[in-house]
Every structure is written in structure tokens, then in C-alpha cells.
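Each chain, letter by letter, is given below.
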Amino acid sequence: MEKLVSNWYSTVQSLPESYVLPPDQRPGKLIVPLCKTIPVIDLGKAVGHDQSNIVQQILDASQEFGFFQVINHGVSENLMEDTRSLFKDFFNMPDEDKAIFYSEDSSKGCRLYTSSFNDAKIKVQYWRDNLRHPCHPLEECMQLWPQKPTRYREVVGKYSVEVRELSLRILRLICEGLGLQPGYFGDELTKFQLLTVNHYPPCPDPSLTLGLPKHCDPNLITILLQGDVYGLQVFKDVQWIGIEPLPNAFVVNIGHQLQIISNGKLKSAEHRAVTNSKEARTTIVTLINPSFDSVIESAEDLVSECNPPLYRAFQYREFLQTYSASGGDTKTALEPYKLHV
Ligand code: OGA
Ligand code: NI
């Protein structure tokens, strides 16, 4: 528990040795291009005649960057603000209130922990704390959630429902864009929804460490609320580019499963989080996942003799195991599923 960065960061003047990355993994230039070219897509226009234009924008962005931002997305701004302020309060609670949820057992339903995804493999620490729990179906999952701050279940419950609707809507637009049968993502492929909240306290030396190492998300699609503090970078054309914080936007990124289902048409891009010395950054991340038993494969409608499948079929459960063993390395994560055509 005393491991949580949010509990001790204010007592240190310099970065503890265990957080110093080997030189080749450090963030390098902290000021990277804040990329205006990561498309910002206005979902308010995804109606009537303009819908096909928005579908095209989503497809183009998912192909070129694996990332885009959405505005006028239908999630209430008050709710977004309430949720952000609630999670700030959560990480600022006294140590004993957080201790209830602290666990190093990754199988625990609701879990607060620190550093990165896979502690066993990782020798250095990362400058973040993380709270995660499932949030669909709501009534069942809610029993596991914190009850402090007092409005936790009410606010996070509403947020989870609204963000689920948004993610299913985006998936319907992607489904249309790819030319898949309506409802393709409607059932097993979106059954498991995980909320993971990253908290990066102010860091004494952002040039030597990272909040999260380079990785791709293993799930289907991710909907991230980063608020107004910069820190998310995407690897594109041999360089890191920053994602501009737009407080009322969501950042959407394509996960490994959507890359595989689309037979490589959509791209899952590598990204990471850098820290800063001035203010804490809290990001609220919704991961839409297939059920563990789902069989994932390149969609039949997207493969043909001239466009053979790039991946073999597998169970999502198997993917999660090999992903976790790959320590976040993208090539290693996809290798067992590639067909060498
Ligand atoms: C993640 C992630 C980025 C961020 O949680 O998978 O990539 O900016 N987070 O917190
Ligand atoms: Ni990620």
C-alpha cells in the first residue's frame, strides 16, 4: 500500500532510483509536436445525409492513426466534469481509505495498484497509480465498487452507462464503414466493459521516467477521457506525437481485436503516457472487451482469395494470456496469431 505513488510523491525531492528508465526507454524530448492532425470528429454531424461523411472520417483516422478524438458525442459535459472531479478526490483520499482496495492480485474484481500492467516482468517502476473494475452489467458490478467518495457509485454508474452507449454508437459507425453486417459488434464482442483510471501525480523528473510504457490496448476499442492535462503520446511514422487535451472530447483508439477483426484494415497504434512536474493528471479509460469465450477472427466478409486472412481464429481468453506474457511488446503480442501469407 505504501507503494502507491499518490501516497508518497510529495515527500520526495528527486526521482527514486527504481523509477529511472534505461536511457533508450526515456521519453526523450518532452515537447513533441502536439499533433493537430489527429482528427477531431464531430459526432453531432453523424445524422442524415452527413452520416456517411462521418463514417468515412472515422475509418480514415482508424486506418492512418489508430486514434481520433470525438466532440458533440452525447455524453453530458456535467457528468464528465463530475466524474473527473470524483476520481481526483478518490486519489486524494487518506491512505487508509485507499488501502481497502489496494491489491497485488491481478485477478481481483476491483483493484487499486501501482506502476504497470505486468509487474513480474518489469524491473523499473512507472509513475502511476491505477484503479480498475468491471462496469457492465451495472447492477452486478456495482457491488464491487468503492463507496468513498460518497457519490462514487451514483456518478461512475451514470458515466459507465453513457460511455457504453457512445462506444456502441462508434462501433456501429465502424461496422457500417467496414461493410460488416449490422450488429456485428452488438453482442459477445462488447460484453465486458472495464473502467481503468490512471493517476499520475506531479513528477520530480519527467525526463527520466514514464507514466505508462509504450503499448497497444489488447481489447476491442478504448474510450479515454484525458481532461485538460497533456500526457498522451502516439507513435506515428517513426516519431512520438502528442494528443492535444480537449477537455470535453473523448480520445478513441483502436485495440488489437479491432485490428484483427478488420483483417489489418484498422490499426492499433502504440501509445504511452509521459508525466509532468506541475500538476497531477487523471485519465478515465473505458475498455470495451469481448467476453473471454468469444472467438476472434478476421471477419469473413473482409477476407477473400485476393485478401486472405492475416490472423488465425482464437479465443479472447488465450489472447489475454499471451498479451500479458508479452510484457506489452506489440510484435510479440500479435505473433502467435499471425498467418504468414
Ligand atoms: C491506458 C492508456 C493513456 C493515458 O490506460 O491504456 O493508454 O493517457 N492510458 O492515461
Ligand atoms: Ni493504452
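Reading the values: the criteria
Residues numbered from 1 in each chain as written. Chains lettered and ligands numbered in written order. Predicted model: local features only at pLDDT ≥ 70, side-chain atom pairs only at ≥ 80, totals over all residues. Heavy atoms only, no water. Phe/Tyr/Trp six-rings, centres within 6.5 Å; stacked < 30°, edge-to-face > 60°. Helix = DSSP H or I, 4+ residues; strand = E, 2+ residues; numbered from the N terminus. Buried < 20%, exposed > 50% of the residue type's maximum accessible area, 1.4 Å probe, protein only. Lys NZ or Arg CZ within 6 Å of the ring centre and 35° of its normal. Donors = N, O, S within 2.8 Å, 3.2 Å for Na, K, Ca; no water. Near = heavy atom within 4 Å. Polar contact = N/O pair within 3.5 Å; in protein donor to acceptor, adjacent residues only side chain to side chain. Areas by Shrake-Rupley, 256 points an atom, 1.4 Å probe, with all protein chains shown as cover. Salt bridge = Lys/Arg side-chain N within 4 Å of Asp/Glu carboxyl O. Contact = heavy atoms within 4.5 Å. 1 Å grid on protein atoms, 1.4 Å probe; cavity = no way out; pocket = protein on both sides within 12 Å on 5 of 7 lines; lining within 4 Å. Points joined across faces, edges and corners; volume = space filled by probe spheres on them. Nonpolar A, V, L, I, M, F, W, Y, C, P; charged D, E, K, R; others polar.

Glancing now at the packing of aromatic side chains. Tallying each qualifying case throughout the model produces 15 aromatic pairs. When the centroid spacing of 6.4 Å and the interplanar angle of 45 degrees are considered together, the rings of Tyr 159 and Phe 250 count as tilted. Of this pair, Tyr 159 sits in helix H6 (residues 152–178) while Phe 250 sits in strand S10 (residues 250–254); the two residues are 91 residues apart in sequence, bridging distant segments of the chain. One exposure class covers both Tyr 159 and Phe 250, and it is buried. Judged by centre distance (5.2 Å) and plane angle (35 degrees), the rings of Phe 319 and Tyr 337 are tilted. In this pair, Phe 319 sits in helix H8 (residues 316–325) while Tyr 337 sits in the segment after helix H9 (330–334), placing the two residues 18 residues apart along the sequence. For the pair shown, Phe 319 and Tyr 337 are each scored as buried. Lying across the ring of Tyr 113, Arg 111 places its NZ or CZ 3.9 Å from the centre. Its end group placed over the ring of Trp 240, Arg 272 keeps NZ or CZ at 4.1 Å from the ring centre.

In a perfect tetrahedron of four donors around a metal, the angles come out at 109.5 degrees. In a perfect octahedron of six, they are 90 or 180 degrees. Taken together, His 215 (NE2), Asp 217 (OD) and His 271 (NE2) make up the protein donors of the nickel ion (ligand 2), found 2.1 Å from the metal. All donors of the nickel ion (ligand 2) belong to a single chain; written as a sequence motif, their spacing is H-x1-D-x53-H. Taken together, the residues span a long stretch of sequence, with His 215 in strand S6 (residues 212–215) and His 271 in strand S11 (residues 271–273) at a distance of 56 residues. In this structure His 215 comes out as buried when scored by relative accessible area, which is 4%. Relative accessible area serves as the criterion here: at 6%, His 271 is assigned to the buried category.

Turning to the site of ligand 1, a few remarks are in order. The environment of ligand 1 is formed by Asn 198, Tyr 200, Leu 212, His 215, Asp 217, Leu 224, Leu 232, His 271, Arg 281, Thr 283 and Val 285. At a separation of 3.0 Å, an oxygen atom of ligand 1 approaches a polar side-chain atom of Asn 198. In the environment of ligand 1, an oxygen atom lies 3.1 Å from a nitrogen or oxygen atom belonging to the side chain of His 215. Burial of ligand 1 by the protein chains amounts to 96% of its free accessible area of 300 Å². Examining the composition of the shell around ligand 1, we find that three residues originate from one element, strand S12 (residues 281–289), more than from any other.

This next bit is on the pattern of salt bridges. Scanning all chains against the criterion turns up 13 salt bridges. Where Asp 97 meets Lys 148, a salt bridge forms, and the shortest distance between an N and an O atom there is 3.1 Å. Here Lys 148 lies in the loop between helix H5 (138–142) and H6 and Asp 97 lies in helix H4 (residues 95–99), a separation of 51 residues in the sequence. Owing to a relative accessible area of 17%, Asp 97 belongs among the buried residues under this scheme. Put simply, Asp 293 and Arg 317 hold a salt bridge, and the shortest N to O gap is 2.8 Å. With Asp 293 in the loop between S12 and strand S13 (295–296) and Arg 317 in helix H8, this pair connects stretches of sequence that are 24 residues apart. Judged by relative accessible area, Asp 293 falls into the partly exposed class, the value being 48%. Connected through salt bridges with shared partners, the residues Asp 82, Arg 151, Glu 154 and Lys 158 form a single ionic network.

Okay, the side chain of Thr 330 next. The topology assignment puts Thr 330 in helix H9. Residue class for Thr 330 comes out buried when judged on its relative accessible area of 13%. Beyond its immediate sequence surroundings of up to four residues, Thr 330 is in contact with Cys 216, His 256 and Glu 270.

Under the counting rule described, the total for this entry stands at two cavities of 30 Å³ or more. Of the volumes computed, that of the largest cavity is approximately 50 Å³. Grouping the constituent residues of the lining of the largest cavity by class yields two nonpolar, three polar and four charged. The volume enclosed by the second largest cavity comes to roughly 30 Å³. Surrounding the second largest cavity, Tyr 200, Pro 201, Tyr 230, Val 274, Thr 275, Asn 276, Glu 279 and Arg 281 form its lining. For the lining of the second largest cavity, the per-class residue count stands at four nonpolar, two polar and two charged.

Glancing now at the environment of Ser 291. Within the secondary structure layout, Ser 291 lies in the loop between S12 and S13. Taking the relative accessible area as the measure of exposure, Ser 291 reaches 12% and is therefore buried. In this structure the C-alpha to C-alpha distance between Ser 291 and Thr 190, which are 101 residues apart in sequence, comes to 7.1 Å. Discounting chain neighbours no more than four positions away, the residues touching Ser 291 are Glu 188, Lys 191 and Tyr 316. A distance of 2.9 Å separates polar atoms of two side chains, one belonging to Ser 291 and the other to Ser 294.

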